[in-house]
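Report on the structure
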Amino acid sequence: LENGLSYVILPNKSPAGRFEAHLQVFSGSADELQPQQGIAHLTEHVAYMGSRKRERLFGTGSQTNAYTDFHHTVFYAACPTYTPRSNGNVPMLPMALDALCDVMEARVEPSRLEKERQAVLSEMTMVNTIEYRVECQILSTLHRENRLAKRFPIGKESLICTWQTDDVKTWHRTHYRPDNVLLYIVGDVNPAEAERVIEEKFGHITADKQAKEIKL
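Everything in this summary refers to the structure shown in the same document. Everything quoted here is computed from the prediction, not taken from an experiment.

1. A few points about the overall build of the chain
- Secondary structure assignment for the chain yields 9 helices and 5 strands.
- Starting at the N terminus and walking to the C terminus, you meet the elements of the chain as β-β-α-α-β-β-α-α-α-α-α-β-α-α.
- For 216 residues, the compact-globule estimate of 2.2 N^0.38 gives 17 Å, and the chain sits close to it at 18 Å.
- C-alpha extents for the chain along the principal axes are approximately 50 × 40 × 35 Å.
- When each of the 216 residues of the chain is scored for burial, the buried share is 46%.
- Accessible area of the chain: about 11,200 Å², with a carbon and sulfur share of 53%.
- For the chain, the separation between the mean place of its 25 positive charges and that of its 28 negative charges on side chains is 3 Å.

Shown next as structure tokens:
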């Protein structure tokens, strides 16, 4: 698009009547600075888990989630091409892209931040198994000469507990730019219609507008 957002459309009629839309942000935990360890993962939660537009996908036969790794943050929706007949048989692609576009324009409200902060801290407790600690030791040894050894996506609890809305908003506005993401759509879709919907939903976003909200 003119704003720098890249997209890929791959028509695939197997399975029929379904598609997936993935929004990949080219930033992850390896991009964090020393006092930011874990902020990529927390921002993922704030940007998507609290999205009202994502909630509209519930009950439509869709699966939707997100994850953060060292180099990427990915948001996805796997949906039927049309809503179930009881819901009016409406095309699902605009609804899926609405949810993913909401990621790019996430509101970082105090209540939303606190809810997702607690979710991340709970997740941190759940993954703290002996297998996870062994895996971290192995990765730390393999990557001891680069930042990956000290930038695991789960982050540092002491830092996660201190961030305020401006901290998360600054990470979001810095990295969730249209020129730093890739949208890809795979499935039973019409490419021309998909292009039209992508332009309609994402064309208005600009990195300049987002940059104005960054707190230096």
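2. Let's talk about the sheet that holds strand β3 (residues 63-68)
- Across the sheet, 5 strands lie side by side as β1-β5-β2-β4-β3; this open sheet has mixed pairing. Of all strands in the sheet, those with a lone pairing partner are β1 (6-11) and β3, marking the two edges. Averaged over neighbouring strand pairs, the angle between their axes works out to 10° when direction is ignored.
- As judged from the 6 bridges shared by β3 and strand β4 (residues 73-80), these two strands associate in the antiparallel manner. Bridging across to β4, Y67 finds its partner in V74.
- Strand contacts of helix α3 (residues 93-104): β2 (18-25), β4 and β5 (181-187), with the helix running at about 10° to β2, the strand carrying the most contacts.

3. Remarks on the packing of aromatic side chains
- Inspection of the entire model under this criterion finds 2 aromatic pairs.
- Look at Y48 and F75: their rings are 5.4 Å apart centre to centre, the planes differ by 80°, and that puts the pair in the edge-to-face class. Of this pair, Y48 sits in helix α1 (residues 39-49) while F75 is found in strand β4, placing the two residues 27 residues apart along the sequence.
- Accessibility expressed as a relative area gives 0% for F75, which makes it buried.
- The rings of Y48, F75 and Y176 are connected pair by pair, giving a single aromatic cluster.
- Over the face of the ring belonging to Y48 we find R54, whose NZ or CZ atom lies 5.2 Å from the ring centre.

Parameters at a glance
Going along each chain's sequence as written, the residues are numbered from 1 onward. The model is predicted, so local features are restricted to residues of pLDDT at least 70 and side-chain atom pairs to those at 80 or more, both for listing and for counting; the totals for chains, interfaces and linings are taken over all residues. Excluded from the side-chain calculation are hydrogens and water; included are all heavy atoms of the structure. Helix and strand labels come from DSSP, where a helix needs a run of H or I of at least four residues and a strand needs a run of E of at least two; each type is numbered from the N terminus. Each radius of gyration is computed over the set of C-alpha atoms, and the globule rule expresses the reference value as 2.2 Å times the number of residues to the power 0.38. Note on exposure labels: buried denotes an accessible area under 20% of the residue type's maximum, exposed denotes more than 50%, and partly exposed covers the range between, all computed with a 1.4 Å probe on protein chains only. Under the convention used here, a 1.4 Å probe and the Shrake-Rupley method define accessible areas, while residue burial counts only the protein chains that appear. By the counting rule applied here, Lys and Arg register as positive and Asp and Glu as negative, while His and the ends of each chain are not counted. Taken as the charge centre is NZ of Lys, CZ of Arg, CG of Asp or CD of Glu, depending on the residue. Two strands are said to pair when DSSP picks up at least two bridges between them. Lines are fitted to the C-alpha atoms to define the axes, a helix being fitted only along its stretch in contact, and any angle between axes, read from their N-to-C directions, falls within 0 to 180 degrees. Residue contacts follow a heavy-atom distance rule, with two residues in contact if any of their heavy atoms lie within 4.5 Å. Only centres within 6.5 Å qualify two rings of Phe, Tyr or Trp (six-membered ring in Trp) as a pair; their planes then separate them into stacked at under 30 degrees, edge-to-face at over 60, and tilted for everything else. Should the NZ of a Lys or the CZ of an Arg lie within 6 Å of a ring centre and within 35 degrees of the ring normal, that charge is described as sitting over the ring.

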